[in-house]
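One letter stands for each residue in the lines below.
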Amino acid sequence: METRDGDKRDTEQRDTAARLRAIIGELSERFYERDDVVRTLTATLLAGRHSLVLGPPGTAKSELARELTGRIDGASYWEILLSKFTAPTRMFGPVDVAALARGEYRQVYEGRATTAHIAFIDEIFKCSTAALNETLGFLNERIYHPENGGAPIHCPLIGAITASNELPDGEDTAAVYDRLLVRVEVGYLEDPSNFAALVRSAVARPHPAPARTTVELAALRQAVTEGVPAVEVPDDMVDAVCALRSALRRREIVASDRRWRQAVGLLQASAYLDGRPAVTETDLQMLTHVLWDSPAQRPTVEREVLHLVNPDAKEALDLADILHELEAQLDAMAGQSREALSEWVIKNAHNKLATAGKRLERLREEAAVAGRSTATIDRVTGRQRAVRARVLTEALGMDASTVQAQL
């Protein structure tokens, strides 16, 4: 009987992981250049932790978060846009006016943070001083202390996705920042062909609704409480994490013991998503979103992680530096004649872009054969395509709508 029950749970867990992978695929198709962001946010929810999406206005932070959280059937969802004047009662439960008229002080919790399974908190670092402590308690311990001093309320929160246009600028909000395990950066679309597709989507005629996979709240809860914790963390992966910590400390990048410990659950969630029973080197790449405090530290963290676990991806980052240099040169040549731009393409950009593209293809083949993750290589390949598209459109004057056929 136990074996039969165990087989049923395994089947359910595999179905949940498959559904989550389908959701990731659907959202990655809808949100251009956001594949890694979508997977990372999903893994963070699976780990029962909170994430921060950091980027300028107009980068679909809110839309992406709503679309992801909206795929959980049966979940109570709560969303708020914070400001310096947001009162705790607006977040956790307004006063019941009818009860107050009878001389009773009660709060209405339904539809607020106190009853939410999933939360989206926009402009998280604009949290008011009055609401700060309650927000920390909500994120840390999943509890809320009522205004009337009653017993703490235990909130059913699985995880929160937060967003901000900027980093915190004070010690108070820095405490909130520290509680957000995962930090991902988003920017404006880089590939002109993706931008052209975005523009076309705004004027396209109505078409059948795309596939919309969902996952039941109960299935997600079971994954968070049973499936993910059951993923094995082999000794060699523990050794790798210890080696990474030492390498980062030598670079004067220090994360708290709490952050390292919580990151283990993220590694397990990554393996669970891929349907693997144990953490492997592939999952360690999730740590690139965990161990930096300022965006300036992120490239260093990424290189140290990849140096440890994925030599193919490390070389891809070296190629990314070349691409960045080419893009900087293109920016510096703004306003020059078409003849000057064409000469630069022939003498400089063309060969470097072609060489980088061929090497990235080879790196991806080698990584795939060896069973290593191709995520970073794919991201740099996307970057190479974006830079090449810019060269074709801005330096050679090609129409952005036809560039896709050239890539």
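Refer to the structure printed above.
In every chain, residue numbers begin from 1 and rise along the written sequence. Note on the predicted model: pLDDT of at least 70 is required for a residue's local features to be given, and 80 or more for side-chain atom pairs to be given and counted; whole-chain, interface and lining totals, by contrast, use all residues. As a convention, hydrogens and water are excluded, and side-chain values are obtained from all of the structure's heavy atoms.

Colleague: I'm lost on empty space enclosed by the protein in this one. Help?
Modeller: Take a probe with the size of a water molecule and roll it over the atoms, and the empty space left behind shows itself. A pocket, in this scheme, is an open set of points on a 1 Å grid over the protein atoms alone with protein on both sides within 12 Å along at least 5 of 7 lines, while a cavity is a set where a 1.4 Å probe fits but cannot get out; residues line either one if an atom lies within 4 Å of a point. Grid points are joined across faces, edges and corners, and a volume is the space filled by probe spheres set on the points. Taken as a whole and assessed by the stated rule, the structure comprises 1 cavity of 30 Å³ or more. Within this model, the largest cavity holds a volume of roughly 70 Å³. Taken together, Leu-20, Ile-23, Thr-42, Leu-45, Leu-46, Leu-68, Arg-71, Ile-72, Val-215 and Leu-220 form the lining of the largest cavity. Each helix corresponds to a stretch of at least 4 residues labelled H or I by DSSP, and each strand to a stretch of at least 2 residues labelled E; elements are numbered beginning at the N terminus. Elements with a contribution of two residues or more to the lining of the largest cavity: helix 1 (2-30) and helix 2 (35-46). The greatest single-element share of the lining of the largest cavity, amounting to 3 residues, is contributed by helix 2.

Colleague: Mind showing me how you'd approach the packing of aromatic side chains here?
Modeller: Each aromatic ring pair is characterised by the separation of its centres together with the angle its planes make. Aromatic rings from Phe, Tyr and Trp, with only the six-membered ring used for Trp, were paired whenever their centres fell within 6.5 Å, and each pair was classed as stacked if the ring planes differed by under 30 degrees, edge-to-face if by over 60, and tilted otherwise. Enumeration according to the criterion identifies 5 aromatic pairs in this entry. The interplanar angle of 75° and the centroid separation of 5.7 Å between the aromatic rings of Phe-92 and Phe-138 together place this pair among those described as edge-to-face. Of this pair, Phe-92 sits in helix 4 (residues 88-92) while Phe-138 sits in helix 6 (residues 129-140), placing them 46 residues apart in sequence. A residue is classified by how much of its surface remains accessible, and Phe-138, at 1% relative accessible area, is buried. On the numbers, 6.2 Å between centres and 75° between planes, the contact of Tyr-109 with Tyr-144 is edge-to-face. Remark: Tyr-144 occurs in strand 5 (residues 143-144) and Tyr-109 occurs in the loop between helix 5 (97-101) and strand 4 (118-122); sequence separation between them is 35 residues. Note on Tyr-109: relative accessible area 22%, which makes it partly exposed. Three labels apply to residues, based on accessible area from a 1.4 Å probe with only protein chains included: buried if under 20% of the type maximum, exposed if over 50%, partly exposed otherwise in between. A residue is classified by how much of its surface remains accessible, and Tyr-144, at 0% relative accessible area, is buried. Ring pairs connect the aromatic residues Trp-78, Phe-92, Tyr-109, Phe-138 and Tyr-144, which therefore count as one cluster. Two limits define a charge over a ring: the Lys NZ or Arg CZ must be within 6 Å of the ring centre, and within 35 degrees of the ring normal. Here Arg-183 stacks its cationic end above the ring of Tyr-177, 3.8 Å away from the centre of that ring.

Colleague: So what exactly am I meant to see when it comes to the environment of Val-53 here?
Modeller: Mapped onto the fold, Val-53 is located in strand 1 (residues 51-54). Between the alpha carbons of Val-53 and Ser-294 there is a distance of 13 Å; along the sequence they are 241 residues apart. Two residues form a contact once any of their heavy atoms are found within 4.5 Å. Discounting chain neighbours no more than four positions away, the residues touching Val-53 are Leu-41, Lys-61, Ile-161, Thr-162, Ala-163, Ser-164, Val-184 and Val-186.

Colleague: Sorry if this is basic, but what is going on with helix 11 (residues 257-273) here?
Modeller: Because each turn of an α-helix spans 3.6 residues, side chains separated by three or four positions in sequence point in the same direction. The span you would expect from a helix comes to 1.5 Å times its residue count less one. In this model helix 11 runs 25 Å from its N-terminal to its C-terminal C-alpha over 17 residues, within 8% of the 24 Å that 1.5 Å per residue would give. For helix 11, the buried fraction is high: 12 of the 17 residues fall into the buried class.

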